[in-house]
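Secondary and tertiary structure notes
Next come the chains, spelled out residue by residue.
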Amino acid sequence: MHERPLRMGFPVKVMGRPGLKSNDTRRWRQNPHLKTSLEYVDAILDYLARTGIEMYRMSSDLAPYATHPDMPQFHDMVAESDAELAAMGRKARELDIRLSFHPSQFVLLNSPDPALTAKSIWDLSSQAEMLDRMGMGPEAVLVTHVGGVYDNREESRARWIEGYNQCPGHVRRRLVLENDDIRFSAADVLWIHDRCGVPLIFDYQHHWCLNPEGLALRTALERFIGSWPEGVRPKIHFSSPRTEMREIKRKVTDKEREAARTAGPPEGALTKGVVKATSRVKTVLLPPVWTGHADFTNPFEFATFMRDAAGLEFDVMLEAKTKDLSLLRLRSDLLRYAPDVAARFGAGTGDAARLAEAERMLGAGMEAGADIDEGEPAALSEG
């Protein structure tokens, strides 16, 4: 067993300190580079150290255009950044911050198109090479999904194994496979693991959204944790579902305009605002889609899950829309409502000062008005 407490992390975008960039987003004509992205990540590591956050998912666009087939001028940027990558890795290890990548939804090892599979392997190879040049240990992983169903679930599942076997060794050493919310369940990825040995990432919300086999949560979690190599701490993904109404813009029909002119809005209509005879667009309120991530993590749901997972050891990547702000709030909430769970993450009654600082940063981050987004990669349900 590991001696260090469990870690919490968040993906890509920092919201608690406006102005911190996660990667070089300049267009190709401006010659963006991995070295610039690493300067941004260096500042993020400083922020993580100050706030006591010990796990971070880097942008899958850290090396811009590095694998763009039509832009060979960018293909050598990973090798060109060897010294900077090594320095970044040393800093992350000194701070004991666990790093990872989650390649985009366009990385598909099970594509029936061999060219797309080859491009996907190239993307994975580039990101694995960055982690290797950083000198990161086996806990620094590449998280991917099975991919598309392509009208045949069984063939698509088996084809993922074929794509995995085509990956070079430095990719297979870091690649881990996650259950998703609309296509491949926990049972599906366990089937794949049993045939090729790839370690598995358990996604809590995805398991609730897609579990046709009725696999018990604790049973699935134990099997996912057991899929990791001895001595390498597993990690999981946790998020709470959105519960608020969704606001959708729709065109107002001629019939609706006429009704507004003669009879007014229909009784019980779920619209935001009144549809007038001159309206062209209306805002319709719809119930939530349970695959969507909430802005913040529900502390009671998380505490219940962690108590159900008693005796199991894993780090937790939080996938909430407010990123690090959600992590800071959850850490604060656990100290208040579930100190036994907070203790598993190294927090205790002596952390009152950190709790106050977290709440101050939380308020400052929200007042800054940073855009809230899902981050990357895009959820399968939102693609």
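Owing to the predicted nature of the structure, the values given are computational and were not obtained by experimental measurement.

About the thresholds
- Residues numbered from 1 in each chain as written.
- Predicted model: local features only at pLDDT ≥ 70, side-chain atom pairs only at ≥ 80, totals over all residues.
- Heavy atoms only, no water.
- Helix = DSSP H or I, 4+ residues; strand = E, 2+ residues; numbered from the N terminus.
- Buried < 20%, exposed > 50% of the residue type's maximum accessible area, 1.4 Å probe, protein only.
- Contact = heavy atoms within 4.5 Å.
- 1 Å grid on protein atoms, 1.4 Å probe; cavity = no way out; pocket = protein on both sides within 12 Å on 5 of 7 lines; lining within 4 Å.
- Points joined across faces, edges and corners; volume = space filled by probe spheres on them.
- Nonpolar A, V, L, I, M, F, W, Y, C, P; charged D, E, K, R; others polar.
- Expected span 1.5 Å × (residues − 1).
- Polar contact = N/O pair within 3.5 Å; in protein donor to acceptor, adjacent residues only side chain to side chain.
- Salt bridge = Lys/Arg side-chain N within 4 Å of Asp/Glu carboxyl O.

1. As for the overall build of the chain
Looking only at helices and strands, one finds 14 helices and 11 strands in the chain. Across the 383 residues that make up the chain, the buried fraction comes to 52%. Contacts in the chain between residues far apart in sequence, at least 24 positions, make up 80% of those at least 6 positions apart.

2. Examining the layout of surface pockets
The space that makes up the largest pocket amounts to roughly 610 Å³. Within the lining of the largest pocket, the residues separate by chemical class into 10 nonpolar, 12 polar and nine charged.

3. So, the side chain of Ser111
Tracing the sequence through the fold places Ser111 in the loop between β3 (98-101) and α4 (114-134). The exposure class assigned to Ser111 is buried, which follows from its relative accessible area of 6%. Residue contacts for Ser111: discarding those within four places in its chain leaves Leu116, Thr117, Tyr150 and Arg159.

4. A short note on the environment of Pro69
Here Pro69 is to be found in the loop between β2 (55-58) and α2 (77-80). Pro69 sits in the exposed class, given a relative accessible area of 52%. Taking C-alpha positions, Pro69 is 8.5 Å from Lys119, a pair spaced 50 residues apart along the chain. Apart from the residues lying within four places of it in its own chain, the contact partners of Pro69 are His75, Lys119 and Trp122.

5. Some points on helix α12 (residues 324-337)
An α-helical turn contains 3.6 residues, so a residue and the one three or four places further along point in the same direction. Relative to the 20 Å expected for 14 residues at 1.5 Å per residue, α12 spans 20 Å between its end C-alpha atoms, a close match to the ideal helical length. Of all the 14 residues making up α12, 11 are buried; the element is thus mostly covered by neighbouring parts of the structure. Along α12, the positions that sit buried rather than exposed are Asp324, Leu325, Ser326, Leu327, Leu328, Leu330, Arg331, Ser332, Asp333, Leu334 and Leu335.

6. A short note on unusual backbone geometry
One non-glycine residue, Tyr150, lies in positive phi territory at about 50°. Mapped onto the fold, Tyr150 is located in the loop between β4 (142-145) and α5 (153-166). Classification of Tyr150 as partly exposed rests on a relative accessible area of 35%. Positive phi, normally seen in glycine, also occurs at Lys323, with a value near 55°. When its relative accessible area of 1% is taken as the criterion, Lys323 is described as buried.

7. Some thoughts on α5
With 14 residues, α5 extends 20 Å between its outermost C-alpha atoms, agreeing within 8% with the 20 Å of an ideal straight helix rising 1.5 Å per residue. For α5, the full list of buried residues reads Ser156, Arg157, Arg159, Trp160, Ile161, Gly163 and Tyr164. N-cap assignment for α5: the residue whose side-chain oxygen lies 3.3 Å from the backbone N of Glu154 is Asn152.

8. Thoughts on the pattern of salt bridges
The tally for this structure, following the rule as stated, stands at 25 salt bridges. As a salt-bridge pair, Arg4 and Glu54 come within 3.2 Å of each other at their nearest N and O atoms. Of this pair, Arg4 sits in the segment before β1 (8-11) while Glu54 sits in the loop between α1 (34-51) and β2, and the two are 50 residues apart along the sequence. Notably, a salt bridge pairs Lys91 with Asp46, separated by 2.7 Å at the nearest N-O pair.

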